[in-house]
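Working through the structure, step by step
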Amino acid sequence: MTERAKTLRTCPKGHTYYKSSDCPTCPACEQERKPEAGFLLRLSAPARRALEANGVTTLEKLAGLSEQEVLQFHGMGPSSLPKLREALHAKGFRFKS
């Protein structure tokens, strides 16, 4: 497998960064967007973006979905489910059956 060359990019906010993938996410912008509290803080950036892109920003909204529905979101992987289950359980919620 060959390694892709990193290319210099500039985001709309003017941050410059190097990326070797096709992912358009600016690392500086992503760091600025990172939540300071709440269940989204526990997740990786791709998993957090997956939930946000699907309008899931509260535990109440998350509880309205099944685990299988959440796993269908682009960027969401099975390693995030235990963190989500724990956050739901701590507030008396659970995934939809």
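Summarised in this report is the structure supplied together with it. Model, not experiment: these values are computed from the prediction.

Let us now look at helix α2 (residues 45–53). For α2, the complete set of buried residues consists of Ala47, Arg48, Ala50 and Leu51. Angularly, the buried residues of α2 cover 155° about the axis, an arc narrow enough to put them on a single face. On the buried face of α2, the contacting elements are α1 (27–33), α3 (59–63), α4 (67–71) and α5 (81–90). After α2 finishes, the residue Gly55 shows a positive phi value of roughly 75°.

To continue, consider the pattern of salt bridges. Close approach of charged atoms allows side chains of opposite charge to pair. Taken as a whole, this structure holds 4 salt bridges when the rule is applied. With a shortest N-O distance of 2.7 Å, Arg85 and Glu67 are connected by a salt bridge. With a gap of 18 residues between them, Arg85 in helix α5 and Glu67 in helix α4 connect regions that are remote in the sequence. Overall, the relative accessible area of 25% leaves Glu67 in the partly exposed class.

Further remarks concern the side chain of Arg48. In this fold, Arg48 is placed in helix α2. Among the residues examined, Arg48 registers a relative accessible area of 3% and is labelled buried. Other than its neighbours up to four places away in sequence, Arg48 contacts Glu30, Arg33, Lys34, Pro35, Leu40 and Leu43.

Inspection of the sheet shows strand β1 (residues 7–10) paired to strand β2 (residues 16–19) by 4 bridges, in the antiparallel sense. Opposite Thr10, over in β2, you have Thr16 as the bridge partner. Hairpin connection between β1 and β2: a loop of 5 residues separates the two successive antiparallel strands, and Gly14 in this loop has a positive phi of roughly 95°.

Reading the values: rules and limits
Residues numbered from 1 in each chain as written. Predicted model: local features only at pLDDT ≥ 70, side-chain atom pairs only at ≥ 80, totals over all residues. Heavy atoms only, no water. Buried < 20%, exposed > 50% of the residue type's maximum accessible area, 1.4 Å probe, protein only. Helix = DSSP H or I, 4+ residues; strand = E, 2+ residues; numbered from the N terminus. Arc of directions from axis to C-beta. Contact = heavy atoms within 4.5 Å. Salt bridge = Lys/Arg side-chain N within 4 Å of Asp/Glu carboxyl O. Pairing = 2+ DSSP bridges.

Function cannot be inferred from these measures alone, as they are strictly geometric.
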